Amino acid sequence: MDAAGLLDAYERMAVVRRTEQAAHDLFLRGLVKGTTHLAAGQEAVAVGASAALRPDDYVFATYRGHHHALARGATPEECLAELMSRATGLCGAKGGSMHLTKAATGMLGSYAIVGAHLPMAVGAAWSARLRGTRQVAVAFFGDGATNIGAFHEALNLAAVWRLPVLFVCENNLYMEYTPIADVTAVPRPAADRAPAHGIPGEVVDGNDVEAVAEAVERLARRARAGDGPAVLEAETYRHFGHSRADPAAYRPAEEVERWLKHDPLDLARGRLAERGVGAAEIARADERAREVVERAVEAAVAAPAPDPREALTDVWADGGAAWRT
């Protein structure tokens, strides 16, 4: 990235970080029902990958998918309104925190069933192949999903058909509360298993937005050329526990401290300074991000509740269930 591109990526990450913090605060105020799974600390994976993809590429994410929805064009207001079950939410209050979806921008959903969306990404890639569009499908998933059968099924079929799909593992070291290393035979749960399916596997610093963008751009170019799928394992770390009910007391203090010193926003900020971007310009980017999210919170909190008459819209493709009988 040049300095301007990196500054843009930094501001996007700042918006994601502030939106995640706003979700946390709104939850504590009792305005977010259910739970949330925050991705603060993992912004570089979503923003870096999105910077390398085409607008018409497909993205699938997990229940920890706020950052991917935002990176693919959802606004902070849409996301926060959805978390608060407002009519103006991204899914009209039907999805909540774990199912953010914006098909118009290629964000084909967040999925709460671990690993379930990997075969769906394979299907989307197959569709792109059939239509000859040179689109790429990208499935983002956590390290825990690599121990799910759907992971291996998806990799195998994608390899057999040489489909344009990227499997991007956000390895934050913990599968919910259990260290992935304690229950997995290989040190790199995604990248080390890729060769068994005849797929290249790479590891990247998931907190380095430029490194993620470079890797995704290169692997996406390879997929578009017909050379098939790839696995990219992005090493990163979530700042919060698994969910808002989790204080993450199981994580060693020294580990948390080490990773907090490797914050993706701090890395980008330092690199911007090295490239001659002044502190005042970086501060202006931070201020723009703050203003965007503050306005989003105000608008989302003030938004109306959904109309109960809308409950069954968007459920069936044709607007009704008559086809079932």
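Residues numbered from 1 in each chain as written. Predicted model: local features only at pLDDT ≥ 70, side-chain atom pairs only at ≥ 80, totals over all residues. Heavy atoms only, no water.

Student: Mind showing me how you'd approach the packing of aromatic side chains here?
Tutor: Aromatic rings considered in pairs are described by the distance between their centres and by the relative angle of their planes. Inspection of the entire model under this criterion finds six aromatic pairs. Ring centres of Phe141 and Phe151 lie 5.7 Å apart, and the angle between their planes is 55°; this geometry places the pair in the tilted category. With a gap of ten residues between them, Phe141 in strand E3 (residues 137-142) and Phe151 in helix H6 (residues 149-161) connect regions that are remote in the sequence. Between the aromatic rings of Tyr177 and Tyr250, the centroid separation amounts to 6.0 Å while the plane-to-plane angle is 85°, which identifies the pairing as edge-to-face. Of the two residues, Tyr177 sits in the loop between strand E5 (174-175) and strand E6 (178-179) while Tyr250 sits in the loop between strand E8 (230-235) and helix H8 (253-260), which places them 73 residues apart along the sequence. Residue class for Tyr177 comes out partly exposed when judged on its relative accessible area of 41%. The structure contains a cluster of three or more aromatic residues connected by ring pairs, namely Tyr174, Tyr177 and Tyr250. (Phe/Tyr/Trp six-rings, centres within 6.5 Å; stacked < 30°, edge-to-face > 60°. Helix = DSSP H or I, 4+ residues; strand = E, 2+ residues; numbered from the N terminus. Buried < 20%, exposed > 50% of the residue type's maximum accessible area, 1.4 Å probe, protein only.)

Student: So what exactly am I meant to see when it comes to the pairing of E3 here?
Tutor: Across a regular strand the side chains alternate sides, sitting on one face of the sheet and then on the other. Most of E3 sits out of view: five of its six residues are buried. The sheet contact formed by strand E1 (residues 58-62) and E3 spans three bridges and is parallel. Residue pairing across strands places Phe60 opposite Ala139, the latter belonging to E3. For E3 and strand E4 (residues 165-171), the ladder comprises six bridges, and the chain directions are parallel. Counterpart to Phe141 in the pairing with E4 is Cys169. Handedness of the crossover joining E3 and E4 through H6 is recorded here as right-handed. (Pairing = 2+ DSSP bridges. Right-handed = clockwise from strand over helix to strand, strands pointing away.)

Student: Just checking my understanding: could you explain the side chain of Arg72 for this structure?
Tutor: Tracing the backbone through its elements, the reader meets Arg72 in the loop between helix H3 (66-71) and helix H4 (76-83). One buried charged residue, Arg72, remains without a salt bridge, the closest side chain of opposite sign being Asp57 at 5.5 Å. Among the polar contacts made by the side chain of Arg72, one reaches the main-chain carbonyl oxygen of Pro55 at a distance of 3.4 Å. Looking at Arg72, its side chain comes within polar contact range of the main-chain oxygen of Asp57, at 3.2 Å. (Lys, Arg positive; Asp, Glu negative; His and termini not counted. Salt bridge = Lys/Arg side-chain N within 4 Å of Asp/Glu carboxyl O. Polar contact = N/O pair within 3.5 Å; in protein donor to acceptor, adjacent residues only side chain to side chain.)

Student: Whenever I open this one, helix H2 (residues 43-52) confuses me. Can you help?
Tutor: For the α-helix, the turn length of 3.6 residues means that residues three or four positions removed from each other point alike. Burial of H2 is extensive: nine of the ten residues sit out of reach of the surface. Along H2, the positions that sit buried rather than exposed are Glu43, Ala44, Val45, Ala46, Val47, Gly48, Ala49, Ser50 and Ala52.

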